[in-house]
Amino acid sequence: MVIERLMVLSGVSLSVAMKLIDREASGICFVIDGRRLVGVVTDGDIRRGLLDGKTLDMPVDSVMKKEFFTLPVNSSLKSIQEHLGEYKYIPILNEDGEFVDLASPDRYHQIPLVQPVFDGNELEYVTDCIRTGWISSQGKYVRLFEEKFGEYVNCPNTLAVSNGTVALHLALVTLGIGPGDEVIVPDLTFAAPINAILYVGATPVMVDVDRYTMAIDPGLLESAITARTRAIIAVHLYGHPADMVRVMDLAERNDLKVIEDCAEALGSRYKDVHVGSSGHASIFSFFGNKTITTGEGGMVLFKDESMRERAKMLRDHGMAPEKRYWHNEVGFNYRLTNIQAAIGVAQLEKIENFVEKKRWMANHYNSCLAGIDSIQLPIEEKDVVNSYWLYTIVLEPNRVNMRDKILAFLNSKGVEARPVFFPLHIMPPYQGYNTHGSSYDVATHLSAGGISLPSSVTVTQAEIERVCETLILALTSDGSLATS
Ligand SMILES: *Cc1c(COP(=O)(O)O)cnc(C)c1O
């Protein structure tokens, strides 16, 4: 809302004020003298005035309230949010009593980074689990979730597991990766893939990423391959697919296994093919902030059906499928529960709509932020459908030093934003593996300048506009940001 549209000058007639309230459908307008706020008038005040014998040509000042609740411009977001419980609108005044902003619930509520949506059949299916007693890892929803998921991504060999990280572990174990093997992983990612490499006792080799897709840079893969390299984990970061054509080409020429980490890319496609079907295995996560969620949960997919069978046995303690309580191998308990799967089935029923909403959101951000030359917007390469898990911008190098201030400013204004991941190679558990002397310039740059903006499927046009206004304000305030 543009506050100027709710202002009338002291001395204008009641009919002018009434027309403005009607036009803005606000129920209220603010009377100013110069920039000073001198009164507040509601449609009720005007109606009572007319009943009292006032006429429409009389000045607005004759019915306005001169005493009203305001807050000073340096009020904390928390105190504004508290008072908004009591007042619908709160004028924000500077030290000179000038009307500088109008607090209203739609302008000052918290905009979350990502928020799950359970407005479908979630409750019904979960209730079904409880009513029927099928609450553990047997029951119809687990298999149903695997089947429906397989249909959506167009890969039949799906296996539901307890989270995305164990999906990665299970994929590596099933593909036979272990001690002595090197596995290539992008330097910029959530840490789950490199942790999983370390769980199996293999050696991670970190490779820099592409500046625009933020995924592994295929041009750098060749030089990272040694005689011990056995696999590549490609991560489709923030929703943009990695260049799987070049990754697969290189993998085939060097006889390497490929795992696609699609945790952030449900709904993303390349040439109409869903991510996850190029690699020998792929994984998804259903953590609370992912595009669909089961609270905690994951899925591992295999190109080869026999691999799925082996992973299924390992998921269930390594028990021989034909002989209960007989173990041929050390397995795990990586099962998803029927309750979680029930939520997953309900979430999956809405996936097309979720992805559509995410793409609408990105479009809207793109148009609000177009032409601002100090930031890099997320891209969508030719033939790609980006599902925009998090809409992530990157400050240009000349602005990188403002990043943390901008983040603090956004968060202080109720816009939940967060930095991009740290490059893996600088963190204590992974530092020691940075033995190839790579520089990781791009990962370092993206990490220092990256900001993920609110990206819920429920985000509204007005919220996106508020996020962009706040961001632009932060970018143009040359470092003098108040974050109280
Ligand atoms: C979320 C995520 C995972 C898996 O996370 P879990 O919380 O274990 O489900 C793996 N890789 C990436 C890139 C992720 O973002």
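Residues numbered from 1 in each chain as written. Predicted model: local features only at pLDDT ≥ 70, side-chain atom pairs only at ≥ 80, totals over all residues. Heavy atoms only, no water.

### Looking at the packing of helix α5 (residues 122–132) against helix α12 (residues 338–348)
Orientation of α5 relative to α12, taken along the N-to-C sense of each, is 155°, at an axis distance of 8 Å. Comparing the axis directions of α5 and α12 gives the class roughly antiparallel. Crossing hand, α5 versus α12: right-handed. Within the contact between the two elements, α5 uses E122, Y125, V126 and C129 and α12 uses N338, I339, A342, I343, V345, A346 and Q347. Looking at side-chain class alone, the contact of α5 with α12 contains eight nonpolar, two polar and one charged residues. (Axes fitted to C-alpha atoms, helices over the stretch in contact; angles between N-to-C directions. Helix = DSSP H or I, 4+ residues; strand = E, 2+ residues; numbered from the N terminus. Parallel < 35°, antiparallel > 145°, perpendicular 65-115°, else oblique. Left-handed = near helix turned anticlockwise from the far one by under 90°. Contact = heavy atoms within 4.5 Å. Nonpolar A, V, L, I, M, F, W, Y, C, P; charged D, E, K, R; others polar.)

### As for the domain arrangement of the protein
When the parts of a complex come together, some accessible area is lost, and that lost area is often taken as the interface size. Each assigned domain of the protein is listed here: domain 1 (3–103), domain 2 (122–348) and domain 3 (351–475). Of note, the centres of domain 2 and domain 3, computed from C-alpha atoms alone, are 25 Å apart. In this assembly, 43 residues from domain 2 lie in contact with 41 residues from domain 3. Both sides of the domain 2 and domain 3 interface together cover about 3,700 Å² of buried area, and 63% of this is carbon and sulfur. Its largest share of buried area at the contact with domain 3, domain 2 owes to M206, R211 and Y238, together 22% of the area lost on that side. Put simply, domain 2 and domain 3 have one salt bridge between them. Residue E396 is joined to R211 by a salt bridge in which the shortest nitrogen-to-oxygen separation is 3.0 Å. Linking domain 2 to domain 3 there are 17 residue pairs in polar contact (both at pLDDT 80 or more). Element by element, the count of residues in the side of domain 2 that touches domain 3 is highest for strand β9 (residues 203–207), at five residues. (Domains from an automatic or database assignment. Buried area = accessible area lost by both parts, 1.4 Å probe. Salt bridge = Lys/Arg side-chain N within 4 Å of Asp/Glu carboxyl O. Polar contact = N/O pair within 3.5 Å; in protein donor to acceptor, adjacent residues only side chain to side chain.)

### Describing the sheet that holds β9
Taken together, seven strands build an open sheet; the order of strands is β7-β15-β14-β11-β10-β8-β9 and the sheet is mixed. Edge positions in the open sheet fall to β7 (158–161) and β9, since each of these has one partner strand only. When strand polarity is set aside, the average angle formed by the axes of neighbouring strands in this sheet is 20°. Sheet topology places strand β14 (residues 281–285) next to strand β15 (residues 298–302); five bridges connect them, and they run antiparallel. Residue pairing in the sheet places F284 in a bridge with M299 of β15. Of the strands in this sheet, β7, β14 and β15 touch helix α6 (residues 140–153), which is tilted by about 130° from β7. (Pairing = 2+ DSSP bridges.)

### Quick look at the packing of aromatic side chains
Inspection of every chain in the model, using the stated rule, returns 13 aromatic pairs. Between the aromatic rings of Y238 and W389, the centroid separation amounts to 6.3 Å while the plane-to-plane angle is 15°, which identifies the pairing as stacked. Of this pair, Y238 sits in the loop between β10 (229–235) and α10 (244–254) while W389 sits in the loop between β17 (384–385) and β18 (391–395), placing them 151 residues apart in sequence. Just as Y238 is buried, W389 falls in that class too. Taken together, the aromatic side chains of F145, F149, F284 and F286 make up a single cluster linked through ring pairs. Here the basic side chain of K290 rests over the ring of W389, its NZ or CZ set 5.5 Å away from the ring centre. Sitting over the face of the ring of W326, K323 holds its NZ or CZ atom 4.4 Å from the ring centroid. (Phe/Tyr/Trp six-rings, centres within 6.5 Å; stacked < 30°, edge-to-face > 60°. Buried < 20%, exposed > 50% of the residue type's maximum accessible area, 1.4 Å probe, protein only. Lys NZ or Arg CZ within 6 Å of the ring centre and 35° of its normal.)

### Observations regarding the sheet that holds β17
One open sheet accounts for three strands, arranged β13-β12-β17; its pairing is antiparallel. In this open sheet, the two edge strands, each paired with only one partner strand, are β13 (273–274) and β17. Direction of pairing for strand β12 (residues 269–270) relative to β13: antiparallel, over a ladder of two bridges. Bridging across to β13, R269 finds its partner in H274.

### Some details on the environment of V8
Position of V8 among the secondary structure elements: in strand β1 (residues 7–9). Residue classification places V8 among the buried residues on the basis of a relative accessible area of 6%. Distance in space between the C-alpha atoms of V8 and V161 is 61 Å, their sequence separation being 153 residues. Filtering out sequence-adjacent residues up to four positions away, V8 remains in contact with A17, L20, C29, F30, V31, I32 and V60.

### Description of α5
Within α5, the full set of buried residues consists of E122, Y125, V126 and C129. Within α5, the buried residues cover an arc of 100° as seen down the axis, which keeps them to one side. Among the exposed residues of α5, those pointing more than 90 degrees away from its buried face are L123, E124 and R131. On its buried face, α5 sits against α6 and α12. In the stretch just after α5, G133 is the one whose phi turns positive, near 85°. (Arc of directions from axis to C-beta.)

### Considering the site of the ligand
Every one of the 14 residues lining the ligand counts as a neighbour, but T165, D261, E264, S285 and K290 are closest to it. The side chain of S285 places a nitrogen or oxygen atom 2.6 Å from an oxygen atom of the ligand. A total of 380 Å² of accessible area belongs to the ligand in isolation, and the protein chains cover 93% of it. When its residues are assigned to classes, the shell around the ligand shows five nonpolar, six polar and three charged. (Near = heavy atom within 4 Å. Areas by Shrake-Rupley, 256 points an atom, 1.4 Å probe, with all protein chains shown as cover.)

### Points about helix α8 (residues 192–199)
Residues of α8 that are buried include every one of A192, P193, I194, A196 and I197, and no others. The secondary structure elements touched by the buried residues of α8 are α7 (164–174), β8 (182–186), β9, β10, β11 (257–261) and α15 (428–431). Positive backbone phi, approximately 80°, marks G201, located one or two places after α8.

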